[in-house]
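Survey of secondary and tertiary structure
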Amino acid sequence: MITLNINGNQHEVDADPETPILWVLRDTLGMTGTKFGCGAALCGACTIHLDGEAVRSCSTPLSAAEGLNITTIEKATDGSDRVGAAVSAAWVKHDVAQCGYCQSGQIMSATAFLASLPSGSQPTASEIDTAMEGNICRCGTYTRIRAAIADAASNLV
Amino acid sequence: MLPNMDYSELPRALQHMLERGRSTSVQALPRRSFLKLTGTLGLAVGIFPHLAAAQSTDAGEAPIALKPTEQPSAFVQIAPNGEVMVTINRLEFGQGVQTALPMILAEELDADWNLVRSQLGTNDMAYVDPLFGMHLTGGSNTIKNSFTQYRELGARVRAMLLAAAADRWNVDVSALRTEAGVVLAPDGRKLGYGELSEAAMALPVPQKIALKDPKDFRIIGQPTQRLDAQAKSSGQQSFGIDFKLPGQLTAVVARPPVFGAKIASLDDSAARSVKGVKAVLRVPLDRGAEGVAVVADGYWQASQGRNALKVEWDTSAVEKVDSEKQLAQFREIANRPGPRQFDADMAPLEAAPLSLEAEFVFPYLAHAAMEPLNCTVRLSDDRAEIWMGSQSAGLDAGVAANVLGLKPEQVVVNVQTSGGGFGRRFSSSSDTAMEACQIAKAARAAGLNAPVRTLWSREDDMRGGYYRPTHLHRARIGFDKEGNVLAWDHTIVGQSILTGTVFEKFQVKDGIDAATTEGMRSPYPLPMRLTVHHPVANVPVLWWRSVGSTHTAFVMETLLDDIARATDQDPVAYRMKMFGNEHPRHRDALQLAVDKSGYGSRALAEGRAWGVAVHESFSSVVAYVVEASVVDGQPKLHRVTAGVHCNLAVNPRTVEAQVQGAAIMGLSTCLAGSEITLKDGVVEQGNFSEFTVARITDVPEFDVNIVPSADAPTGMGEPGLPPLAPAFANAISRLTGKPVRQMPFNLA
């Protein structure tokens, strides 16, 4: 048994400690907002936060999450987190999503990035690109992702 | 994907194709399937009845019947609170039809847009493409083929609501009008659609209805937020991969390393002992192959089980394609005579004052949609239910029925929102559904009475075939000093996509596949001889977003630029001269891109060059004017200005998104590493570390401009892709002085 703290709730999970967090979220707990894209930390679709830091849940074993706070897209965008709510709202306003499959991961990366900035600072275009380089969108929504992140950042100042 | 053809034979061809597998036919599901479907949604009130006559077999009482595609009950539900649920007859996989089709219907319904919702349909005959007569999301056809259909559906429902209000108030219907979900009487009385829906559903469905004058449109043509924007910005959107039934198990499959190969030996003892593994099953796979399915509680356990399998494969009976050898073979084939699509006189070639020769090589490409392929199957003795992102629900249901020994009407395919697809969710063999059904059937035979979701890993998906085929193009062109082409001798070598598919009969003529040659020559009045060879190879190939135009646009638009450059002409002026007074949509799209980009009037930054291309595909025209440079030996795209002609843009906001996205997918094909190659029969790329797709750092600035038009709309899912790569290449050629002849670009 491993105890996981997910979105503020304790979950007792009976699984091999090497199981990636992604599959416990999706298959065991039915939290499907976090997506399976590549299984190898190459596309970012499965991005979650571990103590606020963006990590790829497809390649992070349960054993690495013990004692840490896991945050998923469901919690990050439910309005309780100021940065996540601003990012989600900007995504809606800019109509970023096409197929939408990668967007959970994009939003989680963007939220961790904006939360990491010094209060009141506005990211440059190249800082946004660098922060988001690990997240693939096959539909090619990058133009609107850039605009949404810049917009969310300005709303957080 | 499917240019001008007579589609009336298509349903029969589909049936014929399925019959080749087993003797069954595709039929409409019983009408009661709608009642069941809607009954589960909590929106039962407001179901409009199918016209009784349409279901009646009693010829004596039947007036003119509406087709299933014309019957409001299959498409519209209005809840008591006024919410309007519109059912989509396509797959939504990013292109935005689950917003655009409701916009079209809501326009004629005069609905309150804030109360409009949408959902995807099934393999019911109501949801066939009204022109094709089969279930199909492809060829950028949704808006083009269903524009009038969804307008008429909305108008029919509005007429029924008006009639219900006239009954209620005992007034003449002509005195009433509608406005944003409300029926209004001259004396100021009003009734919401939700209040009228139950009475309206008891009324007959009108056959003939008047449609709005397009100048009165208030929803169509407005930049409109997608109906799924909120769900897709909060992790709430459910995709096929997210669908879960109680007790559902997950299967992953060990597939042979070479397409079509079989199992030589299997030791599954270690796999069976992996915790959570329920069964290990030998199953028939696509293309006559054999594989091993590991069925477990979840994906991770199943993949751990798969890792523990000891399988030896027998590849002795199948061809092992090798990309390098294949290119040599294609070059040899290109020297042979072959069937000709165009056959202009090549005599002027030798005497032409100027000439050029070119050879182009295009690789296999994977669709690499972000949501890996998956399919969930629930079996009972006389019924199969399937949940999958399907571009061809009827074909998938037919293939499933063949596998399962059921009648087609015993199979329901519930179309699931998909994380991309780009053509891959309509394979000619329905491989995804076929394999998932084989596994579900084998699991049931092994005593596992549970629904089974078959899930592909990224590597399974990328190595699973059905690629954009590799092509070799060769051209010899003779022209004069004014750039007039005197003779153009062209050869294409590449596998046929449509041979062996439902479209073969219409689209493969005299040995030439129209999907290979679409986009060649047109719109330019060139004296061309086009020879086409379709070698057969053991690599499954498939349509891939914009299909033939993925390579023909590149060849045509770069060669025309070469001619313009060789004769010292401006590439825009040269194209306009070629268009003459013809092709007004090409002219308008190109001129708009030129005007908005500042081409010819604005100096570029040091080291940058302009590139231009224009191409029509799937009935829409897109022109790009781009700015590019070469940074550290690598091509870099900085800015793209688009001119788009899709006639009436139903949702301009989606058109912009589709152009940006298609252009970026086109950009991906230019980047180093964006190719699928084979070595000794084995695909060499398995994941995004080996197959490049564009990332945010590759992406230019965009400015998308739409030519205003009131003509009936054409589609935009694909047409933004083809002209991007040649516009980029033309800019690079102007910088380096060397033509770009290879995809992905290689400037070495």
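Residues numbered from 1 in each chain as written. Chains lettered and ligands numbered in written order. Predicted model: local features only at pLDDT ≥ 70, side-chain atom pairs only at ≥ 80, totals over all residues. Heavy atoms only, no water.

Looking at an unreviewed UniProt entry, one finds chain B named Xanthine dehydrogenase family protein molybdopterin-binding subunit, with Rhizobium indicum as its source organism.

By the naming in an unreviewed UniProt entry, chain A is (2Fe-2S)-binding protein, taken from Rhizobium indicum.

**Focus on the domain arrangement of chain A**
Residues and elements named next belong to chain A. For clarity, the threshold we go by: Delimitation of the domains relies on an automatic or database domain assignment. Contacts are residue-level and defined by heavy atoms, with any inter-residue pair within 4.5 Å sufficient. In protein, a polar contact requires one atom able to donate a hydrogen and another able to accept it; more generally it is a pair of N or O atoms within 3.5 Å, and residues adjacent in sequence count only if both atoms are side-chain atoms. Runs of H or I in DSSP of at least four residues are treated as helices and runs of E of at least two as strands, each being numbered from the N terminus. Each residue receives one of three labels: charged for Asp, Glu, Lys and Arg, nonpolar for Ala, Val, Leu, Ile, Met, Phe, Trp, Tyr, Cys and Pro, and polar for the others, Gly being one of them.
By the assigned domains, chain A splits into domain 1 (2-75) and domain 2 (77-156). Residue-level contacts link 18 residues of domain 1 with 14 residues of domain 2. Viewed at the interface, domain 2 and domain 1 are joined by 9 residue pairs in polar contact (both at pLDDT 80 or more). Going through the elements one at a time, β3 (47-50), β4 (53-56) and α2 (73-76) are the ones with two or more residues in the side of domain 1 that touches domain 2. Here the side of domain 1 that touches domain 2 is built from residues that sort into 7 nonpolar, 7 polar and 4 charged.

**Some thoughts on the pairing of strand β10 (residues 290-296) of chain B**
Residues and elements named next belong to chain B. Short version of the rule: Accessible area is worked out with a 1.4 Å probe on protein chains only. A residue is then buried under 20% of its type maximum, exposed over 50%, and partly exposed in between. Strand pairing follows a simple DSSP-based rule, namely that at least 2 bridges must link the two strands.
In terms of residue burial, β10 counts as a mostly covered element, since 7 of its 7 residues are buried. Both faces of β10 are covered, namely the face carrying Glu 290, Val 292, Val 294 and Ala 296 and the face carrying Gly 291, Ala 293 and Val 295. When strand β7 (residues 249-254) meets β10, the two strands line up antiparallel, connected through 5 bridges. When the sheet's bridge partners are listed, Ala 254 is paired in β10 with Val 292. Bridge analysis of strand β9 (residues 277-284) against β10 gives 7 bridges, and the strand direction is antiparallel. Across the sheet, the residue bridging to Arg 282 is Val 292, located in β10. Hairpin connection between β9 and β10: a loop of 5 residues separates the two successive antiparallel strands, and Arg 287 in this loop has a positive phi of roughly 60°.

**Overview of helix α5 (residues 142-169) of chain B**
Residues and elements named next belong to chain B. Worth spelling out the cut-off: Here a helix's expected span is defined as the number of its residues, less one, multiplied by 1.5 Å. A residue's bend is simply the angle between two axes: one fitted to the seven residues ending at it, one to the seven starting at it.
Counted at 1.5 Å a residue, the expected span for α5 with its 28 residues is 40 Å, and the 39 Å between its end C-alpha atoms agrees. Its maximal kink placed at Thr 148, α5 deviates by approximately 30°. When you tally the buried positions in α5, you get 20 out of 28 residues, the bulk of the element. A positive backbone phi angle near 55° is found at Asn 170, which sits one or two residues after α5.

**A short note on the side chain of Gln 391 of chain B**
Residue and element names in this part refer to chain B. When you line up the elements, Gln 391 lands in the loop between β15 (383-388) and α11 (393-404). Among the polar contacts made by the side chain of Gln 391, one reaches the main-chain amide nitrogen of Gly 423 at a distance of 3.3 Å. A polar side-chain atom of Gln 391 sits 3.5 Å from the main-chain amide nitrogen of Phe 426. Excluding its chain neighbours within four sequence positions, the residues that come into contact with Gln 391 are Leu 91, Phe 93, His 135, Leu 136, Thr 137, Gly 421, Gly 423, Arg 424, Arg 425 and Phe 426.

**Comments concerning the UniProt feature "domain: Aldehyde oxidase/xanthine dehydrogenase a/b hammerhead" (unreviewed entry) in chain B**
Applicable threshold: UniProt positions are given in the numbering used here, feature names are shortened, and annotations may be inferred rather than shown by experiment.
In the numbering used here, UniProt assigns the feature "domain: Aldehyde oxidase/xanthine dehydrogenase a/b hammerhead" (unreviewed entry) to residues 234-317 of chain B. Annotation note: span residues 234-317 of chain B, helix share 15%, strand share 38%, distance between end C-alpha atoms 50 Å.

**Section: the packing of helix α16 (residues 549-566) of chain B against helix α20 (residues 724-736) of chain B**
Residue and element names in this part refer to chain B. For clarity, the cut-off: Axis lines are fitted through C-alpha atoms, for helices just across the contact stretch, and the angle between N-to-C directions can take any value from 0 to 180 degrees. Angular relationships are summarised with four words: roughly parallel below 35 degrees, roughly antiparallel beyond 145, roughly perpendicular across 65 to 115, and oblique for the angles in between. Two helices cross in a left-handed way if the nearer one is turned anticlockwise from the farther one by less than a right angle. They cross in a right-handed way if the turn is clockwise.
As a packed pair, α16 and α20 sit with axes 8 Å apart at the nearest point and diverge in direction by 30°. Classified by the angle their axes make, α16 and α20 are roughly parallel. Crossing angle aside, the handedness with which α16 passes α20 is right-handed. On α20, the residues that touch Ala 553, Phe 554, Glu 557, Thr 558, Asp 561 and Arg 565 of α16 are Ala 725, Pro 726, Ala 729, Asn 730, Ser 733 and Arg 734. For the contact of α16 with α20, the per-class residue count stands at 5 nonpolar, 3 polar and 4 charged.

**Things to note about the domain arrangement of chain B**
All names here are of chain B. Applied cut-off: Take the accessible area each of two parts loses on contact, using a 1.4 Å probe, and add the two losses: that sum is the buried area. Any Lys or Arg side-chain nitrogen located within 4 Å of an Asp or Glu carboxyl oxygen qualifies as a salt bridge.
On domain assignment, one finds that chain B holds domain 1 (31-232), domain 2 (240-317 + 373-455) and domain 3 (337-365 + 466-736). The centre of domain 1, based on its C-alpha atoms, is set 36 Å off from the matching centre of domain 2. Counting residues at the interface gives 13 residues for domain 1 and 21 residues for domain 2. Contact between domain 1 and domain 2 buries roughly 1,200 Å² in total, counting both sides, with carbon and sulfur atoms accounting for 61%. The largest share of the area that domain 1 buries against domain 2 comes from Leu 91, Phe 93 and Asn 123, three residues that together contribute 45% of it. Put simply, domain 1 and domain 2 have 0 salt bridges between them. Along the contact surface separating domain 1 from domain 2 lie 6 residue pairs in polar contact (both at pLDDT 80 or more). Of the residues assigned to the side of domain 1 that touches domain 2, the class counts are 5 nonpolar, 5 polar and 3 charged.

**Some points on the sheet that holds strand β3 (residues 116-120) of chain B**
Two modes of strand pairing occur in sheets, parallel and antiparallel, and in both the strands are linked by backbone hydrogen bonds. All names here are of chain B. Pairing within the open sheet is mixed, and its 3 strands lie in the order β1-β2-β3. Two strands bound the open sheet, and with one partner strand each, they are β1 (76-78) and β3. The sheet shows a mean angle of 25° between the axes of neighbouring strands, taken without regard to direction. Note that strand β2 (residues 84-88) and β3 share 5 bridges and pair parallel. What sits directly across from Thr 87, in β3, is Gln 119.

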